[in-house]
Amino acid sequence: MARDTYSQRSLGTLSRRIKESRVLLVGAGGIGCELLKNLLLSGFGEIHIIDLDTIDLSNLNRQFLFRSEHISRPKALVAKDVAQKFNPKATLEAYHANIKDSRFNVDWFGQFKIVFNALDNLDARRHVNRMCLAADVPLIESGTTGFNGQVQVIKKGVTECYDCNSKEVPKSFPVCTIRSTPSQPIHCIVWAKSYLFPELFGISEDETPELDNTEDNDNAEEIANLRREALALKEIRQSMGSPEFAQRVFEKVFTNDIDRLRGTEDMWRTREPPMPLYFEKLQEESADIKPTVSNDDQKVWSVAEDIVVFRDSLDRLSRRLRELQGSSNGDTQPVLAFDKDDVDTLDFVTATANLRATIFGIDSKSKFDTKQMAGNIIPAIATTNAMTAGLCVLQAMKVLNNDYENAKMIFLERSGARAINSDSLKPPNPNCPVCSVAHGRLIFNPDSATVGNLVKDILEAQLGYGEEVSISTEQGILYDLDLEDNLPKKLSEMGIHNETFITVMDEEDQEPRVNLELIASTQKSKTTDEEKTVSLVNVPDIPRKPKKSAPAPEEQTNGHTGAGRKRDAETAGLSNGEDERVKRVANVSVADGEHNGEQNGDGAHPIILDEEPNSGAILIDDD
């Protein structure tokens, strides 16, 4: 008897559609392992798996496709090899890569019948959501946190998308706490990750949410001080690669800055003042310690071991940045970004956070603990992952039948009379900036096409826009009425290349059109005729924005019933709802699986932040 006999009997013609479908699974972590197994056993004929992460010891308790011999190997590749046994006739393709890589463009997404998300990062989820909308491919979004889970079907023009409802903004840390008066390990980790690391290897972090809280004058003053200190670090950054670079950084942040803090006597009347560290003394104490000490991620390193890892990781990161700068074409300034799954960046943050913790009399953390806290990882439970993955496949069958009327938003809840609850899918939010937009494909000659060509030849002449229009990309605004200097500049000089999303906003007061998203494609032309340097593949239909209506009753806000919104909240970052407890989860973007293309992160407990009334202090609880 053929292995698909029973599925043919129970599913009928749907069984054939399942077998012929090509689907994409983004993430091979907790949900991803379960989902891959389910897809194969359900008869899906071709599955593509993408994940940038490698297998860690902490993954093995619930990511059942992996064994101890697989540690440090790519998740996607191992998942493909191991899962193939569930259905040897199925075609599996694995990519050890970042889902945000340019090669995974709109056309690439368009080859799939369904896309499954098994992500744990808000930014990556938004990216996949946007790409699926642009490619008009159904997306099945899923997530878990602890005992809670959620599955959502997303189809362009039919259901609301992932961004139709606002998501929780990551928790902001008061700058004065991070910079001057840390009292918890998380404060030191945020300082290392979001201040020191970007000041040395990236973009100044005083502009990011974690250090951007200007609700009072005291905090604004701290931000001003932080920026002044950033100038000093930028000067030190110029010596990167020299023998004295590590010493200059160390003495700046662990000696001189601490001496200045001690000089503010009022600050230390009720608490122990920080004690500076001295580079030469620690150098002598660490003379016999090898950099390989960083390989032990479960151990809390001594101060001498911390400075060895500090120097070694600083050297590794400096070499990486200089190599990037050497291969850069000069259009953009290369930077490094923190990634909790990147050994070099994690070593640096762990060592510098521990050195700072020692100065302030705070307990140091192991590299393993730092990874959890820096990644703000929520615990994953194998049973929840398995149930969520099963629900994803059931919803996929409805998608393949084009039965969106019976597809559901499904919630797993530990409390309540029922473990599984559902809500009908809501129509798209007409004001959503992501799915309630028009799409078009723009072809331009990178050697000659200018912003002016786009404005005059396409927007005004071909699409009928007036003067009140703005153009932007992820890098910022390219053009509006107050920014005409860019008109003669080439689109390629403005960072526009293949698969760049260009957003056109109608700024007319009366009946403006919905936003237009143009997906750019480069095509060099042999002609010098400027009129042909930019063109549209087809002229998109750009409807007018709906007129604003009176606010709906509170229990119907955002198209959800009160119960539905409550479930959204209780499933935490699955959809990052507005529940008060969820608001206190710092930078949590759920689901065990891939994250941001820097896939998967797992840990013991989420970091819960609660602000004591009138004190401004942050209390951390691991409940």
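As a reminder, the structure under discussion sits directly above these lines.
Now for a description of the structure that goes with this document. (Residues numbered from 1 in each chain as written. Predicted model: local features only at pLDDT ≥ 70, side-chain atom pairs only at ≥ 80, totals over all residues. Heavy atoms only, no water.)

**Some remarks on the overall build of the chain**
Applicable threshold: For the purposes of this entry, the term helix denotes a DSSP run of H or I that reaches at least four residues, the term strand denotes a run of E that reaches at least two, and both are numbered from the N terminus. For each residue, the accessible area found with a 1.4 Å probe, counting protein chains only, is set against the maximum for its type, and the residue is called buried under 20%, exposed over 50%, and partly exposed in between. Accessible surface area values rest on a Shrake-Rupley calculation with a 1.4 Å probe, where residue burial reflects the displayed protein chains alone.
Secondary structure summary: the chain contains 18 helices and 16 strands in total. Out of the 623 residues belonging to the chain, those deemed buried represent 55%. As displayed, the chain has an accessible area near 28500 Å², and 46% of this comes from carbon and sulfur atoms.

**Description of the packing of aromatic side chains**
Note on aromatic pairs: each is described by the distance of the centres and the angle between the planes. Rules: Stacked, tilted and edge-to-face are the three classes assigned to paired rings of Phe, Tyr and Trp, where Trp is represented by its six-membered ring and a pair needs centres within 6.5 Å; plane angles under 30 degrees give stacked, over 60 edge-to-face, the rest tilted. We count a charge as sitting over a ring when the NZ of a lysine or the CZ of an arginine lies within 6 Å of the ring centre and within 35 degrees of the ring normal.
Enumeration according to the criterion identifies 16 aromatic pairs in this entry. Ring centres of Phe64 and Phe86 lie 6.5 Å apart, and the angle between their planes is 70°; this geometry places the pair in the edge-to-face category. Taken together, the residues span a long stretch of sequence, with Phe64 in the loop between strand S2 (46-50) and helix H4 (75-83) and Phe86 in the loop between H4 and strand S3 (91-95) at a distance of 22 residues. In this structure Phe64 comes out as partly exposed when scored by relative accessible area, which is 29%. The ring of Tyr465 carries Arg513 above its face, with NZ or CZ at 4.7 Å from the centroid.

**Overview of the side chain of Glu160**
Quick note on the threshold: This count recognises Lys and Arg as positive and Asp and Glu as negative, with His and chain-terminal groups excluded. For this document, the term salt bridge refers to a Lys or Arg side-chain nitrogen within 4 Å of an Asp or Glu carboxyl oxygen. Think of a polar contact as two N or O atoms within 3.5 Å of one another; within protein, one of them needs to be a possible hydrogen donor and the other a possible acceptor, and neighboring residues in sequence only count if both atoms come from side chains.
Within the secondary structure, Glu160 is located in the loop between strand S6 (148-154) and helix H7 (175-179). Despite its burial, Glu160 remains without a salt bridge, the nearest opposite charge being carried by Lys426 at 7.3 Å. A distance of 3.3 Å separates the side chain of Glu160 from the side chain of Asn165, its partner in a polar contact.

**Focus: unusual backbone geometry**
We note that Asn402 has phi near 55°; this positive angle belongs to a residue other than glycine. Here the phi dihedral of Glu511 falls at roughly 50°; this positive angle occurs in a residue that is not glycine. Looking at the secondary structure, you find Glu511 in the loop between strand S12 (501-506) and strand S13 (516-522).

**Some remarks on the sheet that holds strand S4 (residues 114-117)**
Spelled out, the test is: What makes two strands pair is DSSP finding at least two bridges between them. Only the contacting stretch of a helix is used when fitting its axis, a line to C-alpha atoms as for every element, and angles between N-to-C directions run 0 to 180 degrees.
In space, the eight strands of this open sheet follow the order S3-S2-S1-S4-S5-S6-S7-S8, with mixed pairing throughout. Among the strands making up the open sheet, the edge pair consists of S3 and strand S8 (420-424). Strand after strand, the sheet turns through a mean of 15° between neighbouring axes, direction not considered. Of the pairings in the sheet, the one linking strand S1 (residues 22-26) to S4 comprises four bridges and is parallel in character. Each bridged residue has a counterpart across the sheet, and for Leu25 the counterpart in S4 is Phe116.

Geometric descriptors of this kind do not, in isolation, establish any biological role.
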